[in-house]
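Here is how the chains run, residue by residue.
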Amino acid sequence: MPVVSSKGRAMPESPIRKLAPFAEKAIKEGKHIYRLNIGQPDIKTPVEAINAVRNNKLEILAYSHSAGFESFRKKLAGYYAKHDITISSEDILVTTGGSEALIFTMGSITDPGDEIIVPEPFYANYYSFSTQSNIKVVPVISKIANNFALPAIEEFEKLITSKTKAILICNPGNPTGYLYSKDEVKQLAALAIKYDLFLISDEVYREFVYEESEHYSILQEKELNEHAIVVDSVSKRYSMCGARIGCMVSKNKSVIQTAMKFAQARLSPPTLAQIASEAALEAPESYYRDTVAKYKLRRDTLVSGLKEIPGVKVAIPKGAFYCIAELPIKNADHFAEWLLDKFDLDNETVMLAPASGFYSSANEGLNQVRIAYVLNRRDLRKAVNILKFALEKYKDQ
């Protein structure tokens, strides 16, 4: 009989979604699940975005330009200007989510067999996208002991070969919540220039920074103009995950022109979602301030609760809305399944994302989990309490 491709067989399963069957079973058994496994915000989408769709008088839902609405790209350029990033609408390509921006980027700058260096743990789909593109992710390991800070530049240099095309970072980080400092970004920029590499930065969590910290974009490095590619999205910033609108941004004309051919092949990004996303840019500054303040309180609630559980280590996130916690167990995959399948506290349990799926190196992160603090503080307290009791009962079965 016909068989599927080796590339298809190599595609990794989502570490975030693979527990879905266990969750579905738990729900059928009447359990309430506190979902800490997925970055789906509960913050309301800006009313400006909702109304732009609700009140639209379109009679034909037509294609847009393959690069996205020009009006949207111009407003995006204005948004970046507020963050000290000088670009034009021609430097922006609107995509179907940040995921497509990454796929277009990899397709535009790599050939089969090429390599991209990525600090790990990293967003699990980076590995999926690289598999689709027939390229290799080369990990450089960061450690929970120093909050997953950027590994020493010498560690990156050791990994650079003739096949290395780019370094990819997520800033602030998913799954770690680490925010790269201006100095760390400058170190990476110097390395990219020295070895003539692209530097790709996934900046979808740009607004979510804490402790009076500031986000520093690779696009603020003028000498990096021909090297820098930013991946962005409205999903988290405006709580619009279902819109599936993102963009890739680069002042390298060749990169944008090449990515445009991929964009033309898929015709256009979704029209209604672009209308909503363009309108979201009109949300008042108070929307960002209130949202970030809310997440900071949630972060503090989660971290303080985790620190009170014996044997748990937690990296303090400075950005995004995730953290990595190290648990006093051997296998987080088994523990996460057990939480859904075998455990409850007053008919309630929690759903976690095992962190091993965010590493490509073997045997890394086996006792770690990623926690998304996207629940309200009351639910976070209850979830942490359930986790505490679960760890007391669980015995590495």
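Residues numbered from 1 in each chain as written. Predicted model: local features only at pLDDT ≥ 70, side-chain atom pairs only at ≥ 80, totals over all residues. Heavy atoms only, no water.

Student: Looking at this model, I keep getting lost on the overall build of the protein chain. Mind explaining?
Tutor: Looking only at helices and strands, the protein chain has 13 helices and 13 strands in total. Computed over the C-alpha atoms, the radius of gyration of the protein chain is 21 Å, within 12% of the 21 Å expected from 2.2 N^0.38 for a compact globule of 397 residues. With respect to the principal axes defined by its C-alpha atoms, the protein chain has extents near 60 × 60 × 55 Å. Within the protein chain, buried positions represent 57% of all 397 residues. Considering only residue pairs separated by 6 or more positions, the protein chain has 76% of its internal contacts joining residues 24 or more positions apart. Of the roughly 17,500 Å² of accessible surface on the protein chain, a fraction of 52% belongs to carbon and sulfur atoms. Measuring between centres, the 50 positive side-chain charges of the protein chain sit 4 Å from its 48 negative side-chain charges. (Helix = DSSP H or I, 4+ residues; strand = E, 2+ residues; numbered from the N terminus. Rg over C-alpha atoms; globule rule 2.2 N^0.38 Å. Buried < 20%, exposed > 50% of the residue type's maximum accessible area, 1.4 Å probe, protein only. Contact = heavy atoms within 4.5 Å. Areas by Shrake-Rupley, 256 points an atom, 1.4 Å probe, with all protein chains shown as cover. Lys, Arg positive; Asp, Glu negative; His and termini not counted. Charge placed at Lys NZ, Arg CZ, Asp CG, Glu CD.)

Student: Looking at this model, I keep getting lost on the environment of Gln40. Mind explaining?
Tutor: Considering the arrangement of structural elements, one finds Gln40 in the loop between β1 (32-35) and α3 (47-54). A relative accessible area of 41% means that Gln40 is categorised as partly exposed. Counting along the chain gives 200 residues from Gln40 to Met240, while the straight-line C-alpha distance between them is 9.1 Å. Discounting chain neighbours no more than four positions away, the residues touching Gln40 are Cys241 and Val374.

Student: Looking at this model, I keep getting lost on the packing of aromatic side chains. Mind explaining?
Tutor: Aromatic ring pairs are described here by two measures, namely the spacing of the ring centres and the angle between the planes. In the structure shown here, the tally under the stated rule is 19 aromatic pairs. Their ring planes at 65 degrees and their centres at 4.9 Å tell us that Phe335 and Tyr394 sit as a pair that is edge-to-face. Separated by 59 residues along the polypeptide, Phe335 in helix α12 (residues 332-341) and Tyr394 in the segment after α13 (377-393) bring together distant segments of the chain. Here the aromatic residues Tyr205, Phe208, Tyr295, Phe321 and Tyr322 are joined through ring pairs into a cluster of three or more. Positioned over the ring face of Phe389 is Lys388, at 5.2 Å from the centre of the ring. (Phe/Tyr/Trp six-rings, centres within 6.5 Å; stacked < 30°, edge-to-face > 60°. Lys NZ or Arg CZ within 6 Å of the ring centre and 35° of its normal.)

Student: Mind showing me how you'd approach the pairing of strand β6 (residues 198-202) here?
Tutor: Extensive coverage of β6 is indicated by the burial of 5 of its 5 residues. Of the two faces of β6, the one carrying Phe198, Ile200 and Asp202 and the one carrying Leu199 and Ser201 are both buried. Where strand β5 (residues 164-170) lies against β6, 5 bridges are found, and the strand directions are parallel. Bridge pairing in β6 links Ile167 to Leu199. Regarding topology, helix α8 (residues 182-194) serves as the crossover connection from β5 to the parallel β6, and that connection is right-handed. Of the strand pairs in this sheet, β6 and strand β7 (residues 228-233) are connected by 4 bridges, and their pairing is parallel. Residue pairing in the sheet places Leu199 in a bridge with Ala228 of β7. (Pairing = 2+ DSSP bridges. Right-handed = clockwise from strand over helix to strand, strands pointing away.)

Student: Is there a simple way to explain a nonpolar patch on the surface in this structure?
Tutor: On the surface, a nonpolar cluster with roughly 330 Å² of combined accessible area is contributed by Val53, Leu58, Leu61 and Leu272. A residue is classified by how much of its surface remains accessible, and Leu58, at 45% relative accessible area, is partly exposed. (Patch = residues over 30% accessible without salt bridge, like charges linked within 9 Å, V, L, I, M, F, W, Y side chains within 5 Å. Salt bridge = Lys/Arg side-chain N within 4 Å of Asp/Glu carboxyl O.)

Student: Sorry if this is basic, but what is going on with the UniProt feature "domain: Aminotransferase class I/classII large" (unreviewed entry) in the protein chain here?
Tutor: The positions that UniProt labels "domain: Aminotransferase class I/classII large" (unreviewed entry) are, in the present scheme, residues 33-385. As annotated, residues 33-385 comprises 36% helix and 17% strand, and the C-alpha atoms at either end are separated by 13 Å. (UniProt positions renumbered as here; feature names shortened; annotations may be inferred.)

Student: When you look at the state of the cysteines in this model, what are you seeing that I'm missing?
Tutor: Put plainly, a disulfide is one covalent bond tying together the sulfur atoms of two cysteines. Tallied over the full model, the rule gives 0 disulfides. Considering cysteine sulfurs only, Cys170 is the nearest to Cys241, which forms no disulfide, with 14 Å between them. Between Cys323, a cysteine without a disulfide, and Cys170, which holds the nearest cysteine sulfur, the sulfur-to-sulfur distance is 15 Å. (Disulfide = S-S within 2.5 Å.)

Student: Teacher, can you tell me more about the sheet that holds strand β9 (residues 313-314) here?
Tutor: Paired through their backbone hydrogen bonds, the strands of a sheet run either parallel or antiparallel. Taken in spatial order, the 4 strands of this open sheet run β9-β10-β13-β12, and their pairing is antiparallel. Pairing within the sheet leaves two strands with one partner each, and these edge strands are β9 and β12 (353-354). Two elements, strand β10 (residues 322-326) and strand β13 (residues 368-372), share 5 bridges in a ladder whose sense is antiparallel. Across the sheet, residue Tyr322 finds its bridge partner in β13, namely Ala372.

Student: In this structure, what is going on with the pattern of salt bridges? I would like to understand it.
Tutor: Opposite charge on two side chains permits them to pair, given that their charged atoms come into close proximity. Taken as a whole and assessed by the stated rule, the structure comprises 27 salt bridges. Notably, a salt bridge pairs Glu29 with Lys25, separated by 2.7 Å at the nearest N-O pair. Ionic pairing is found between Asp232 and Arg206, a salt bridge with its closest N-O pair at 3.0 Å. With Asp232 in strand β7 and Arg206 in the loop between β6 and β7, this residue pair connects regions lying 26 residues apart in the sequence.

Student: Is there a simple way to explain the side chain of Thr176 in this structure?
Tutor: Mapped onto the elements, Thr176 comes out in the loop between β5 and α8. A distance of 3.1 Å separates a polar side-chain atom of Thr176 from the backbone nitrogen of Tyr178. The contacts of Thr176, once residues within four sequence positions are left out, are Pro121, Phe148, Pro317, Tyr322, Cys323 and Ile324. (Polar contact = N/O pair within 3.5 Å; in protein donor to acceptor, adjacent residues only side chain to side chain.)

Student: Explain the sheet that holds β7 to me, please; I cannot follow it from the model alone.
Tutor: In space, the 7 strands of this open sheet follow the order β2-β8-β7-β6-β5-β3-β4, with mixed pairing throughout. The open sheet has two edge strands, β2 (92-95) and β4 (136-141), and neither has a second partner. Here the strands of the sheet are splayed against their neighbours by 20 degrees on average, with no regard to which way each runs. Inspection of the sheet shows strand β3 (residues 115-120) paired to β4 by 6 bridges, in the parallel sense. Counted as the bridge partner of Glu115 is Lys136 from β4. Packing of helix α5 (residues 97-109) onto the sheet brings it into contact with β2, β3, β5, β6, β7 and β8 (246-249), and relative to β7 it is tilted by some 160 degrees. (Axes fitted to C-alpha atoms, helices over the stretch in contact; angles between N-to-C directions.)

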